[in-house]
Amino acid sequence: MLIEASKFTIDGVVADYIPALGEANRDTLSIAIYRGKEDCIGAGCLEEKFTLQSISKVITLALALMDHGEEYVFSKVGMEPTGDPFNSIAKLESHIPSKPLNPMINAGALAVSNMIVGNSNEEKLGRILSLVHEMTGNPTISFCPRVAQSELETAFLNRSLCYFMKQHGVVEGDVETLLDLYTKQCAIEVNCHDLAKLGYVIANDGINPVTNQQVIPLHITRILKTFMVTCGMYNSSGEFAIRVGIPAKSGVSGAIMGSIPHGMGIGIYGPALDDRGNSVAGMKLLESLSSRFNLSIF
Ligand SMILES: NC(=O)CC[C@H](N)C(=O)O
C-alpha cells in the first residue's frame, strides 16, 4: 500500500515559502500506526524527523482551552470552516465580527497562540512542549531553531494577519513576540511514531495509554477531533471527510496526524504537497487504508 501511494509523490511539490522546508526530499513517504501500549507498526523511514507546522494548531488549541475554557477561546476565534486557503486574510475583513473563523487556519491559530499562558515565550513554548511530551512519552521532543528562524524571516502574510487582528482587538501585545512563539510551535520536530502517539491520545479521549494519565480533558478532545474533521485538511476537508472519513490534521511539512476514535493514532510524513498544502501521497495512503480496513467514522 505504501509503495502504491508513494507513486503519487511525483504529483506534488515541496513547500518552499518557508525556505528551510524546501530542502525536504519530495519522494519520501512514511507511516506509523499506534494502537496503544507497545503496539506501534510502521513502514518507510520511521526515524526521519520533520516539523509539525499546522498540526501544532491542534496542540495549542488544547492548551488554550485548558488555560481559559471554551467561552473565552471561542469569543476570539470561531468554529466554522472557511473554504479558503489556510493563510487567507479575506474573511477577516468580510466577516463580522472580525475574528478568525476557526483555530485551524493561520489567523485563528495565531489568535490561539496569543492566549497561551506564560511570562515569556520560553515559558509558553515550554508548556506546549510539556503537553507534547506527556502525550507521546518522549521528553526529547523539541523545536528546530533553523526552521523556526527561516519562517520568522519570511512570514510576511502571518505578520499581516497579526496586525489586522491587533487592530480589531483579537490579539494583543507585540506582534513579533507572537510570531516568534508561533514559528517555534510550528517547528516542533517529531518522527512518525511520535505523531501517531499524539494522534492516539486525541483518539483515546485524552488518556496516555502507557501512563494512564488524563493528559487532555475528554470534552476538549471531542472539540479537537471535530475541528480535525471540519477544518483539519484546510479547504480539502469536505472531500477528505467523504473519501477518507478519519479525523486528521495536516501541516505544510507534509505531515498528517490521524485520530480514529478509540482505535488508533496515525502519523504520516510525505513532503510532496498538492495545491492546497496537503501531502499528496499521504492522502492517497489514508484513502487506501480507510477503504481497505473500513476506517471511516461516518
Ligand atoms: N499549513 C501549515 O502547515 C502552515 C504552517 C506554517 N508555519 C505557516 O504558518 O504558514
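Basis of the calculations
Residues numbered from 1 in each chain as written. Predicted model: local features only at pLDDT ≥ 70, side-chain atom pairs only at ≥ 80, totals over all residues. Helix = DSSP H or I, 4+ residues; strand = E, 2+ residues; numbered from the N terminus. Rg over C-alpha atoms; globule rule 2.2 N^0.38 Å. Contact = placed C-beta atoms within 7 Å. Near = placed C-beta within 6 Å. Nonpolar A, V, L, I, M, F, W, Y, C, P; charged D, E, K, R; others polar. UniProt positions renumbered as here; feature names shortened; annotations may be inferred. Buried ≥ 20, exposed ≤ 12 C-beta atoms within 10 Å, placed from the backbone. Expected span 1.5 Å × (residues − 1). Pairing = 2+ DSSP bridges. Axes fitted to C-alpha atoms, helices over the stretch in contact; angles between N-to-C directions. Core = buried A, V, L, I, M, F, W, Y, C linked by C-beta atoms within 7 Å. Parallel < 35°, antiparallel > 145°, perpendicular 65-115°, else oblique. Left-handed = near helix turned anticlockwise from the far one by under 90°.

Caption draft 1: A look at the overall build of the protein chain. Within the protein chain, the regular secondary structure consists of 13 helices and seven strands. Relative to the globule expectation of 19 Å for 298 residues, the C-alpha radius of gyration of the protein chain, 17 Å, shows essentially globular dimensions. The C-alpha extent of the protein chain, read off along each of the three principal axes, is 50 × 40 × 35 Å. Across the protein chain, contacts joining residues at least 24 apart in sequence account for 68% of those joining residues at least 6 apart.

Caption draft 2: Structural context of the site of the ligand. Near the ligand you find Q53, S54, F86, N87, N106, E151, N158, C186, G251, V252 and G277, and these make up its full shell. Taken together, the residues of the shell around the ligand sort by class into three nonpolar, seven polar and one charged.

Caption draft 3: Quick look at the UniProt feature "binding site: substrate" (unreviewed entry) in the protein chain. Here the UniProt feature "binding site: substrate" (unreviewed entry) sits at S54, N106, E151, N158, Y182, Y234 and V252. As for its placement among the helices and strands, S54 is situated in the loop between strand 3 (50-51) and helix 2 (56-68). For S54, a count of 24 C-beta atoms within 10 Å gives the class buried. Secondary-structure assignment places Y234 in the loop between helix 11 (218-231) and helix 12 (237-243). Exposure remark for Y234: the 25 C-beta atoms within 10 Å place this residue in the buried category. Not counting chain neighbours up to four residues away, the residues in contact with Y234 comprise P85, F86, R276, G277 and N278.

Caption draft 4: Broad picture of helix 11. Here helix 11 spans 20 Å end to end across 14 residues, near enough to the 20 Å set by a 1.5 Å rise per residue. Within the sequence span of helix 11, burial applies to I220, T221, I223, L224, K225, F227, M228, V229 and C231.

Caption draft 5: Quick look at the sheet that holds strand 7 (residues 264-269). Strand order across the open sheet formed by five strands is 2-1-7-6-5, with antiparallel pairing between neighbours. At either margin of the open sheet sits one strand with a lone partner, and together these are strand 2 (40-43) and strand 5 (248-250). Averaged over neighbouring strand pairs, the angle between their axes works out to 10° when direction is ignored. By the bridge criterion, five bridges tie strand 1 (residues 30-34) to strand 7 in an arrangement that is antiparallel. Pairing of Y34 across the sheet is with G265, part of strand 7.

Caption draft 6: Fine view of the nonpolar core. With 96 residues, the main nonpolar core has A62, L110, M165, L224, A255, I268 and L286 as its most contacted residues. Looking at this core, the element that brings in the most residues is helix 10 (residues 192-203), giving eight residues. If we ignore the near neighbours within four places in the chain, the residues touching M165 are L92, A107, L110, A111, V170 and V171.

Caption draft 7: Broad picture of the packing of helix 6 (residues 121-136) against helix 9 (residues 175-186). Between helix 6 and helix 9, the shortest axis-to-axis distance is 10 Å and the interhelical angle comes to 25°. By the angle between their axes, helix 6 is roughly parallel relative to helix 9. Judged by the sense of rotation from one axis to the other, the crossing of helix 6 with helix 9 is right-handed. Along its contact with helix 6, which presents N121, K124, L125 and I128, the element helix 9 presents T177, D180, L181, K184 and Q185. In terms of residue class, the contact of helix 6 with helix 9 is built from three nonpolar, three polar and three charged.

Caption draft 8: Geometry of the pairing of strand 2. In the sheet, strand 1 pairs with strand 2 via four bridges, with the strands oriented antiparallel. What sits directly across from Y34, in strand 2, is C40. Adjacent in sequence and paired antiparallel, strand 1 and strand 2 are bridged by five residues, among which G36 carries a positive phi angle near 100°.

Caption draft 9: Local environment of the environment of L178. Secondary-structure assignment places L178 in helix 9. Each C-alpha atom of the pair L178 and I10 lies 36 Å from the other, and the pair is 168 residues apart in sequence. Discounting chain neighbours no more than four positions away, the residues touching L178 are L110, S113, N114, C162, V171 and G173.

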